[in-house]
Amino acid sequence: MDEDGLVLAVQRGKTGSLPGSWEFPGGKVEPGEDREAALRRELREELHLVLDHDPLNPLLPSSHLYPFGAIRLWPFLCRLKRRPNLTLLEHSAQTWLPLSEARLLDWAPADVPILDELERVLSPS
């Protein structure tokens, strides 16, 4: 999330699984790596986004069974002091948008529960 409260979504490329779907950036945890370190590494590798000193706050995990296999996502919320310039290395597009408009995108099914969790966490009490 950037300083204006906008969330980052990235669009999967036209090839591979779920082509054209929107998702939150991230990736697989490598052997010997914890989830937070994996996210920081994936963001560097996929977007040239360095979050070395930014706190990552864990959210509830999301599971989904796709025809190609089961997936479990361990999301984190990071509040950035300013919006970074990103370099898309594996995605076809990016957008920063208000959470209230996020559901207008065609999300990968496993990411939809993360939208629910973000709405819960970020809604005024």
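Since the structure is predicted, the reported quantities are computational estimates derived from the model, not experimental observations.

## Examining the overall build of the protein chain
Argument step 1. Tallying secondary structure elements over the protein chain gives two helices and seven strands in all.
Argument step 2. Along the protein chain, from the amino end to the carboxyl end, the secondary structure elements read β-β-α-β-β-β-β-β-α.
Argument step 3. For the protein chain, the C-alpha radius of gyration of 14 Å lies close to 14 Å, the compact-globule estimate for 125 residues.
Argument step 4. For the C-alpha atoms alone, the extent of the protein chain along its principal axes is close to 35 × 30 × 25 Å.
Argument step 5. Classification of the 125 residues of the protein chain by burial places 39% in the buried group.
Argument step 6. Partitioning the contacts of the protein chain with sequence separation of at least 6, the portion at a separation of at least 24 is 55%.
Argument step 7. Averaging the coordinates of the 14 positive side-chain charges in the protein chain and doing the same for the 20 negative ones gives two points 2 Å apart.

## Some remarks on the pattern of salt bridges
Argument step 1. The full count for this structure, using the stated rule, is 10 salt bridges.
Argument step 2. A salt bridge links Glu-45 to Arg-41, with the nearest nitrogen and oxygen atoms 3.1 Å apart. Note that Glu-45 and Arg-41 are positioned in helix α1 (residues 35–47) at a spacing of four residues, about one turn of the helix.
Argument step 3. In this structure Arg-41 comes out as buried when scored by relative accessible area, which is 13%.
Argument step 4. With a shortest N-O distance of 2.9 Å, Arg-120 and Glu-117 are connected by a salt bridge.

## Topic: the packing of aromatic side chains
Argument step 1. Within this structure, the stated rule accounts for two aromatic pairs.
Argument step 2. When the centroid spacing of 4.6 Å and the interplanar angle of 35 degrees are considered together, the rings of Phe-24 and Trp-107 count as tilted. Here Trp-107 lies in the loop between β7 (91–98) and α2 (112–122) and Phe-24 lies in the loop between β2 (22–23) and α1, a separation of 83 residues in the sequence. Both residues of the pair, Phe-24 and Trp-107, count as buried.
Argument step 3. Above the ring of Trp-74, the side-chain terminus of Arg-35 is found at 3.5 Å from the ring centroid.

## Quick notes on the sheet that holds β2
Argument step 1. The antiparallel open sheet is built from three strands, whose spatial order is β2-β1-β7. Two strands bound the open sheet, and with one partner strand each, they are β2 and β7.
Argument step 2. With seven bridges joining them, strand β1 (residues 6–12) and β7 adopt antiparallel strand pairing. For Leu-6, the partnering residue across the bridge sits in β7 and is Pro-98.

## Observations concerning the nonpolar core
Argument step 1. Among the nonpolar cores identified, the biggest contains 18 residues, and Phe-24, Leu-99, Ala-102, Trp-107, Leu-115 and Leu-118 are the most heavily contacted of them.
Argument step 2. Looking at this core, the elements that each hand over two or more residues are β1 and α2.
Argument step 3. The element best represented in this core is α2, accounting for three residues.
Argument step 4. Core analysis: the next-biggest nonpolar cluster, separate from the first, contains 13 residues, Val-10, Leu-39, Leu-80 and Trp-96 among them.

Criteria and cut-off values
Residues numbered from 1 in each chain as written. Predicted model: local features only at pLDDT ≥ 70, side-chain atom pairs only at ≥ 80, totals over all residues. Heavy atoms only, no water. Helix = DSSP H or I, 4+ residues; strand = E, 2+ residues; numbered from the N terminus. Rg over C-alpha atoms; globule rule 2.2 N^0.38 Å. Buried < 20%, exposed > 50% of the residue type's maximum accessible area, 1.4 Å probe, protein only. Contact = heavy atoms within 4.5 Å. Lys, Arg positive; Asp, Glu negative; His and termini not counted. Charge placed at Lys NZ, Arg CZ, Asp CG, Glu CD. Salt bridge = Lys/Arg side-chain N within 4 Å of Asp/Glu carboxyl O. Phe/Tyr/Trp six-rings, centres within 6.5 Å; stacked < 30°, edge-to-face > 60°. Lys NZ or Arg CZ within 6 Å of the ring centre and 35° of its normal. Pairing = 2+ DSSP bridges. Core = buried A, V, L, I, M, F, W, Y, C linked by side-chain atoms within 4.5 Å.

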